[in-house]
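# Structural overview
What follows is the residue order along each chain.
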Amino acid sequence: MQRLAQRLLTETAKDGDPVPDFVAVCEKLRPHLSMLMGKAGFRALLARALTLARRHSPCLEDVRVTDDGVLASPADPEVPVDPESMKAGGEAIVSSLLELLVTFIGEDLTRRLVLDIWPDPSADEPILKEGDLS
């Protein structure tokens, strides 16, 4: 799942964009999942993914899920966060979210959802590879 999370983060990253890549990935997923499970359902799923990711990445302690289901962090954190730690934390959130999706809606529907949002640009480097959801 981590390989897929890394690919989605790379695919979604925009140079010079101040929004962290993991927030952008979650924002791309939000409308699709909110349609499937409602806004409250998506918010609960994202909050659970964040809780799971915090176990592996303590740098996410100040990150929270807003009432609208958006990931937010304080503008001025009390302790400066290392960019590499935050990158690992972002991967942990996206990976946890994907794992929860597979658990709740199944591998096939998760695969279709990912491919609807991130269509494979080429056969050389597909977004979703065999075994990514296992």
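Look a little higher up for the structure.
Here the residue numbers are simple positions, counted from 1 along each chain's written sequence. Side-chain atom pairs in this predicted model are given and counted only at pLDDT of 80 or more, local residue features only at pLDDT of at least 70, and totals for whole chains, interfaces and linings cover all residues. For the side-chain quantities, the full set of heavy atoms in the structure was used; hydrogens and water were omitted.

## Description of the pattern of salt bridges
Cut-off, in case you're wondering: Criterion for a salt bridge: a side-chain nitrogen of Lys or Arg within 4 Å of a carboxyl oxygen of Asp or Glu. Elements are defined by DSSP. Helices are runs of H or I of four residues or more, strands are runs of E of two residues or more, and each kind is numbered from the N terminus.
Across all of its chains, the model carries two salt bridges by this definition. The salt bridge partner of E27 is R30, with a shortest N-O separation of 2.7 Å. Within this pair, E27 and its partner R30 are both found in helix 2 (residues 21–54), separated by three residues, close to a single helical turn. Between E107 and R111 there is a salt bridge, with the nearest N and O atoms lying 3.2 Å from each other. Placement of the pair is E107 and R111 together in helix 4 (residues 107–117), with a separation of four residues, close to one helical turn.

## A closer look at helix 4
Test applied: Three labels apply to residues, based on accessible area from a 1.4 Å probe with only protein chains included: buried if under 20% of the type maximum, exposed if over 50%, partly exposed otherwise in between. Arc definition: it is the arc formed by the directions from the helix axis to the C-beta atoms. Contact definition: two residues touch when any of their heavy atoms are within 4.5 Å.
Residues of helix 4 that are buried: T110, L113, V114 and I117. Mapping the buried residues of helix 4 onto a view down its axis gives an arc of 95°, with all of them on the same face. In helix 4, the exposed residues that point more than 90 degrees away from the buried face are D108, R112 and D116. Packing partners of the buried residues in helix 4 comprise helix 1 (2–12), helix 2 and helix 3 (83–105).

## Topic: the side chain of T12
By the element assignment, T12 lies in helix 1. Those residues within four positions of T12 in sequence are excluded, and the remaining contacts are A24, V25, K28 and W118.

## Notes on helix 1
Turning to helix 1, its buried residues number three or more, namely L4, A5, R7, L8, L9 and T12. Packing partners of the buried residues in helix 1 comprise helix 2, helix 3 and helix 4.

## What about the packing of helix 2 against helix 3?
The test is simple: A fitted line through C-alpha atoms serves as each axis, taken over the contacting stretch for helices, and the angle formed by two N-to-C directions is quoted from 0 to 180°. The scheme is simple: roughly parallel for angles under 35 degrees, roughly antiparallel for over 145, roughly perpendicular for 65 to 115, oblique for anything else. With the far helix as reference, a near helix turned anticlockwise by less than a right angle produces a left-handed crossing, and one turned clockwise produces a right-handed crossing. Charged residues are taken to be Asp, Glu, Lys and Arg, nonpolar residues to be Ala, Val, Leu, Ile, Met, Phe, Trp, Tyr, Cys and Pro, and polar residues to be all remaining types, Gly included.
One can describe the packing of helix 2 onto helix 3 by two numbers: an axis separation of 8 Å at closest approach and a directional angle of 125°. Comparing their axes, helix 3 and helix 2 come out oblique. The two elements helix 2 and helix 3 cross, and the hand of that crossing is right-handed. Broken down by class, the residue content of the contact of helix 2 with helix 3 amounts to 20 nonpolar, three polar and one charged.

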